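For reference, the chains in residue letters:
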Amino acid sequence: MPTVLWTPTRVSLGHGAEDSFGAELKRDGARKVLIHYGSERIVRDGLMKRLTDQLDKENISYITLGGVKPNPRVALVRKGIELGRKEEVDYVAAVGGGSVIDSAKAIAYGLYDRSGNDVWDFYDGTRKPEGAFPLGVVLTLSATGSEMSDSSVITNEDGDLKRGYNSDFCRPRFALLNPELTYSVSPYQTSCGTADMMMHTLERFFHSGKSLDLTDNLAIALLKTVIDNGTKALQNPMDYEARKNLMWASSLSHNGLMQEGNEQRGDWSCHQMEHELSGMFDVAHGAGLTAIWASWARYVFLENPERFAKLGEGVFGIKRTSSPENDAEATIKAFEDYFRRINMPTSIKELGIVLDDKQLDTLADKAVFHGKRTLGAFKILQREDIRAIYKAAKG
């Protein structure tokens, strides 16, 4: 079966990209926009006013809803849907990073849906959306790639559940990417974002089917670029070229390009396991991923050590030996060393979490939806495999 790459998002990348916010909305025929955002920093810094001034100029009405937190909550999504219906908006605009965009996507689903049922149904798999309100993005944090992706992840505090849903309905109509808007991102969040975009590429690299050489080479080039520019952005937060490279890598890592031509979409075990971890403990997504990844890698690499060896040679220049197994271990260690260099955890204990046996059981049970699914593609993981990985990652 052929693979399909569909990336309908109009992307503007570079200095002053956000200055076309009003024009993009006018182009799409927006009449009234719900502007969704996280902290009040964008108000204090003047970004909000610069955006709403453009709407005033284009005679486009708007309302605002802030308060999005990392691991965005379904309670705020429901509030946004209620507000949007009351105010009769016809467009949603996300100003922020991945959490804001994911929350906005969920609101867009809910505004389109007229069934009277809860938006969480889409995320727990009991219903599928039939559409979504149009969505645009002004990106202020390079990390999740949600600005071009078909995915969103929402947390339900009732049960500490973190669930994702993928649908082309939620792909943004436009994404405005000015690297200067990321200058104020903290070192910790810069590192979390660097890790997240790396993981989006790694998850797609590891699968059990045939790979397209060009796609493999693109993945390796993206990882090398992120590793280099993540380091540069930490050394100098106002390095425009480093921030620009990270911003574009964020988008390309999760828009489907890194899996095009491959027989399988990817593994995604680490993402699914991290969702349960951050659902229970509200940890930063990128940090949760690095805390798990090496333990997953060491558990599965014997399925195809040559795949790891190829990655290590391409990304880190690790010279091949007669032992693919040793080369695979060297590759895993090289990724671990990089995560440590950017102050990311390589164990769950480093997140400040000490797991007991009951929590290990709970995490494993939730990861397999209490026996309703397995995880992985590179190696299929059953509940006991997943528990063993969590235990190895405890630290």
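Residues numbered from 1 in each chain as written. Predicted model: local features only at pLDDT ≥ 70, side-chain atom pairs only at ≥ 80, totals over all residues. Heavy atoms only, no water.

**What to know about the packing of aromatic side chains**
On inspection of all chains with the given rule, the structure shows 19 aromatic pairs. Each ring, one from Tyr123 and one from Tyr165, has its centre 6.4 Å from the other, and the planes form 70 degrees; the classification is edge-to-face. Separated by 42 residues along the polypeptide, Tyr123 in helix α6 (residues 120-124) and Tyr165 in strand β7 (residues 161-166) bring together distant segments of the chain. The exposure classification of Tyr123 matches that of Tyr165, with both residues buried. Judged by centre distance (6.4 Å) and plane angle (40 degrees), the rings of Phe335 and Phe339 are tilted. Taken together, the residues span about one helical turn, with Phe335 and Phe339 both in helix α13 (residues 324-341) at a distance of 4 residues. Judged by its relative accessible area of 0%, Phe335 falls in the buried class. In this structure, Arg307 packs its charged tip against the face of Phe205, placed 3.7 Å from the ring centre. Stacked on the ring of Phe369, the Lys or Arg Arg373 has its end atom at 3.7 Å from the ring centre. (Phe/Tyr/Trp six-rings, centres within 6.5 Å; stacked < 30°, edge-to-face > 60°. Helix = DSSP H or I, 4+ residues; strand = E, 2+ residues; numbered from the N terminus. Buried < 20%, exposed > 50% of the residue type's maximum accessible area, 1.4 Å probe, protein only. Lys NZ or Arg CZ within 6 Å of the ring centre and 35° of its normal.)

**Topic: the side chain of Thr331**
The residue Thr331 is located in helix α13 in this model. Taking relative accessible area as the criterion, Thr331 reaches 0% and is therefore assigned buried. Sequence-distant contacts of Thr331, defined by excluding residues within four places in its chain, comprise Phe308, Ala309, Leu311, Gly312 and Ile318. (Contact = heavy atoms within 4.5 Å.)

**Digging into the pattern of salt bridges**
A side chain with one charge can pair with a side chain of the opposite charge if their charged atoms come near. Scanning the entire structure with this criterion turns up 35 salt bridges. Among the ionic pairs, Asp168 bridges to Arg171, the shortest N-O distance being 2.7 Å. By relative accessible area, which is 12% here, Arg171 ends up buried. Among the salt bridges present, the one from Arg383 reaches Asp361, with a minimum N-O distance of 3.1 Å. Separated by 22 residues along the polypeptide, Arg383 in helix α15 (residues 383-393) and Asp361 in helix α14 (residues 357-367) bring together distant segments of the chain. What makes Arg383 partly exposed here is its relative accessible area of 22%. Residues joined in a network through salt bridges with shared partners are Arg298, Glu329, Lys333, Glu336, Asp337 and Arg340. (Salt bridge = Lys/Arg side-chain N within 4 Å of Asp/Glu carboxyl O.)

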